[in-house]
Amino acid sequence: MAEWICRTLRDGGLEGEHAPALTINDTITCSLGSFVFDHILSQLSSFIHSQKSQSSGIVLVAFSRSPLYYEQLLKSKGYNVSASTWFKVLDCYTDPLGWKSKLANSGIIANDSLGSSVTAKLCKNVKDLDEVSEMLRHASVSSVASLLSELRSHGQVSSLFWLIHSDLHETRATAALEYISSMKATVIVQPMDGLRGNSACLSLMENNLKRGKFNVHVKRRNGRVKTMVEELYVENSTINFAPFSTEGEVISQSLVPKVQFNLQLSEKEQNDRAKVILPFEHQGDGKNIQIYDGRKSLNESKGDSEQTCLEKEDSGRGEIIYFRDSDDEMPDSDEDPDDDLDI
Amino acid sequence: MVMAANKPRSGSFSRNFGAASSSVPSIPGLKHGPNGTMLLSSGIPDLDKILGGGLALGSLVVVTEDPEAPHHMLLLRNFMSQGLVHRQPLIYASPASDPRGFLGTLPSPMVSKDEKSRVHETEQEKGLRIAWQYKKYIGEHTSESHRGGKSEYCNDFDLRKPLERHFFSGKQIDCVSLKESADLGAFHERCSSFLSQANQNNGNITGGRIAIQSLCSPQCEYSNREWEMLSFVRSLKSVVRLSNAVAVVTFSPSLVSTTFSIRLQHLADTLVSVKAIPDEDKELAKLLTGYQDMVGLLSVHKVARFNTQVPAILETTTFSMKLQKRRSLVLECINQAPVDGATGSSYGSSGSCSGSSKTGSFDF
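Positions within a chain are numbered from 1, following the residues in the order the chain's sequence is written. Written order decides the labels, with chains lettered from A and ligands numbered from 1. Reporting in this predicted model follows two pLDDT cut-offs: at least 70 for local features of residues, and 80 or more for side-chain atom pairs to be given and counted; totals over whole chains, interfaces and linings ignore these cut-offs and use all residues. To get the side-chain values, all heavy atoms of the structure are used, and hydrogens and water are removed first.

In the annotation of an unreviewed UniProt entry, chain B is listed under the name Elongator complex protein 4 and assigned to Salvia splendens. Among the UniProt annotations of chain B, the heading Sequence similarities (unreviewed entry) holds the following wording: "Belongs to the ELP4 family." UniProt positions are given in the numbering used here, feature names are shortened, and annotations may be inferred rather than shown by experiment. We quote the UniProt Pathway (unreviewed entry) comment for chain B here in full: "tRNA modification; 5-methoxycarbonylmethyl-2-thiouridine-tRNA biosynthesis."

*Asks:* Any chance you could explain empty space enclosed by the protein here in plain terms?
*Replies:* All names here are of chain B. Only protein atoms enter the 1 Å grid used here, on which a cavity is any set of points holding a 1.4 Å probe that cannot leave and a pocket is any open set flanked by protein within 12 Å on both sides along at least five of seven lines; residues with an atom within 4 Å of a point are listed as lining. Grid points are joined across faces, edges and corners, and a volume is the space filled by probe spheres set on the points. Applying the stated criterion across every chain, the model contains 2 cavities of 30 Å³ or more. In this structure, the largest cavity encloses a volume near 120 Å³. Every residue lining the largest cavity is listed: S42, L47, L51, L55, V61, V63, L75, L76, F79, V248 and V272.

*Asks:* Looking at this model, I keep getting lost on the packing of aromatic side chains. Mind explaining?
*Replies:* Geometry of an aromatic ring pair is reported as the spacing of the ring centres plus the angle between the planes. Residue and element names in this part refer to chain B. Any pair of Phe, Tyr and Trp rings, taking the six-membered ring for Trp, is counted once the centres come within 6.5 Å. Such a pair is stacked with planes under 30 degrees apart, edge-to-face with planes over 60 apart, and tilted for the rest. Using the criterion set out here, one finds 3 aromatic pairs over all chains in the structure. Considering the side-chain rings of Y92 and F102, the 5.0 Å spacing of their centres and the 20 degrees angle between planes classify their relative orientation as stacked. Taken as a pair, Y92 in strand β5 (residues 90-94) and F102 in helix α4 (residues 100-103) lie far apart in primary sequence, 10 residues in all. Residue exposure (1.4 Å probe, protein chains only): buried if accessible area is under 20% of the type maximum, exposed if over 50%, otherwise partly exposed. The exposure class assigned to Y92 is buried, which follows from its relative accessible area of 1%. For F102, a relative accessible area of 11% corresponds to the buried category. Aromatic pair F187 and F232: ring centres 5.4 Å apart, planes at 35 degrees, arrangement tilted. Of the two residues, F187 sits in helix α7 (residues 185-199) while F232 sits in helix α8 (residues 226-241), which places them 45 residues apart along the sequence. Owing to a relative accessible area of 2%, F187 belongs among the buried residues under this scheme. By relative accessible area, which is 3% here, F232 ends up buried. Charge over a ring is defined by NZ of Lys or CZ of Arg lying within 6 Å of the ring centre and within 35 degrees of the ring normal. Between R209 and the ring centre of F79, over which it is positioned, the NZ or CZ distance is 4.8 Å. Numbering of helices and strands runs from the N terminus, with a helix taken as a DSSP run of H or I at least four residues long and a strand as a DSSP run of E at least two residues long.

*Asks:* When you look at the sheet that holds strand β14 (residues 328-333) of chain B in this model, what are you seeing that I'm missing?
*Replies:* Paired through backbone hydrogen bonds, the strands of a sheet run either parallel or antiparallel to each other. Residues and elements named next belong to chain B. Strand pairing is defined by DSSP finding a minimum of two bridges between the two strands. Strands sit in the order β8-β5-β9-β10-β4-β11-β12-β13-β14 across an open sheet of 9 strands; the sheet is mixed. In this open sheet, the two edge strands, each paired with only one partner strand, are β8 (173-177) and β14. Between one strand axis and the next, the sheet turns by 20 degrees as a mean value, whatever way the strands run. Across 5 bridges, the pairing between strand β12 (residues 294-302) and strand β13 (residues 318-324) is antiparallel. Bridge pairing in β13 links L298 to F319. Lines fitted to C-alpha atoms define the axes here, with helix axes fitted over just the stretch in contact, and angles between the N-to-C directions of these axes take values from 0 to 180 degrees.

*Asks:* What is the right way to look at the nonpolar core in this model?
*Replies:* The nonpolar side chains of a soluble globular protein tend to be buried with one another. Residues and elements named next belong to chain B. Counting 43 residues, the largest nonpolar core has L75, F79, M80, L298, V300, M321 and L331 as the members making the most contacts within it. With 8 residues, the top contributor of residues to this core is helix α3 (residues 71-85). What makes two residues a contact is simply this: any of their non-hydrogen atoms within 4.5 Å. Apart from the residues within four sequence positions on either side, M321 is in contact with H71, L74, V274, D293, M294, V295, G296, L297, L298, L329, V330 and L331. Take the buried residues of types Ala, Val, Leu, Ile, Met, Phe, Trp, Tyr and Cys, join any two whose side-chain atoms come within 4.5 Å, and each joined set is a nonpolar core. Formed by 33 residues, the second largest nonpolar core is a distinct cluster that contains L230, V256, L267 and A268.

The structure is reproduced here in structure tokens:
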């Protein structure tokens, strides 16, 4: 499924549509987002390198990690990027506030520099934005959002993705970015499974540093939302995705309005229903119930019919004495009981 | 005409609106509604039926979006196309830099192949002898759907075909980009002038349409000034109420605070919300019939009622949105299996796909 995302980003958007945009979300409890970012970056580089994708370059906007880091990352994967034409890094890391060059303008927003560089691009490219959280630190939500949406609708951008730490911002900022994106990938904590022997030796923090659950929401063109879940493992600074072994997640039916009446019985209700003693001779469970009919003496029938007699007695307030009439009738009687009506 | 879906019949007497409307020359695109109101069509025949005939002139319609689905665009497209087909003045505002581009995606009215088959049906029915007391039901159904002429009150739109050029030739089509304006004051001025222009149309009522898409979109600079947006909508509502126009505003509750969202929903005369549905969800497939064709859910929370104190109580509030043959939008009541009982929900706050902070919603 991470492969699916990469392929979607590689393929880009259709004519006339906005470019697909991916938001990678993580929190402090499971901060593996940067690994995911690197993974996607390397995948896309491999696609471009092997000429499989329609875009011809990657532009990386680096905010929180230096460009050298990315060069080394891609070099370790086998792509020599320092001499390449298809990989460009816009360095907003070393001097985000532009102190060096633009001392005259106070409070420069990184957007200005980015905006001008976008229009100068001549080839179709994929844009990656590392750490939008940093960008939000310097600029307001609306300007970041407008920049991203402009990038999406720009003819030369085939896809873009960015990483954000959702607990660093107000929910509104995160919601705004998710509103703009077409895919949302969230890294959340994988609850530790006590049954697995291997993970028992890992402490909780180690667990969160190495494993996580990768949720992806995709907004499809027909308006439906596709969700996929995978597990992710980090080993030796590389990341692996594995299909999720779910223990039966219960998805509540909250979209559809709840109807007032309930035709299904819960477990407890089913058990209670089975226990109700019906006022009939046969309870349907194969045993015949003896109803106290007042003919036998109490001592004889005490053992048998104690339980059944309870239903006929109020507790300590009186006795119901029941004489069965059915014994009076002959079993093969041809009499019509209506015969004695005098009409 | 009495809408059978909305009001329970108390007797066999029914108010004969036909006689009243014949005295006033019928204006294409408008029809008489209950309690002396005039209605215009929303562009979706099923939605018109649900809302009791259409949207009342002077009302404010608010559509709450689901950030994960573009269904509000479907509603807006049909609404705008219907206005253009009836040559009603239209102003459209969106956060895009070039809103005119959206006009290219407006659907075209469906070709009348279906109409011919329906005409056949009524002719056959004339061979049947229908008892007098049931004739009023039959007449009600057929008289709405086809008038024989070109000017239907509500067209069925084919979403695959773009609207023909000649519909755009009217002078009264205006597009505004909300991103450009630093505040909403300028936009409000434009709306007011648009409405006064629409009112002065040679003394004839044509019915104007205002369509505002994604009012709280984060690209706009005013989007974090909630009181400003709220006062804009309030003044828009008051201006629209005095005019012969309908305003449709869409916004996404996830982008604004809960209090703002609730206030805006209270301001609406008619409140509709759209929700996305998850794809390939086996639970929902079991629960709902026709899940494969559904694209989303539409809920009607409030229906505008003017000149009366009697509220409109709908039989069901949630409908499924389906695209018939990928072309036209139909709304159907949901057929579902009953689930664990719970009380009804408030406006738009229960169970959205994306609400991670809300309890009881999907576990994403």
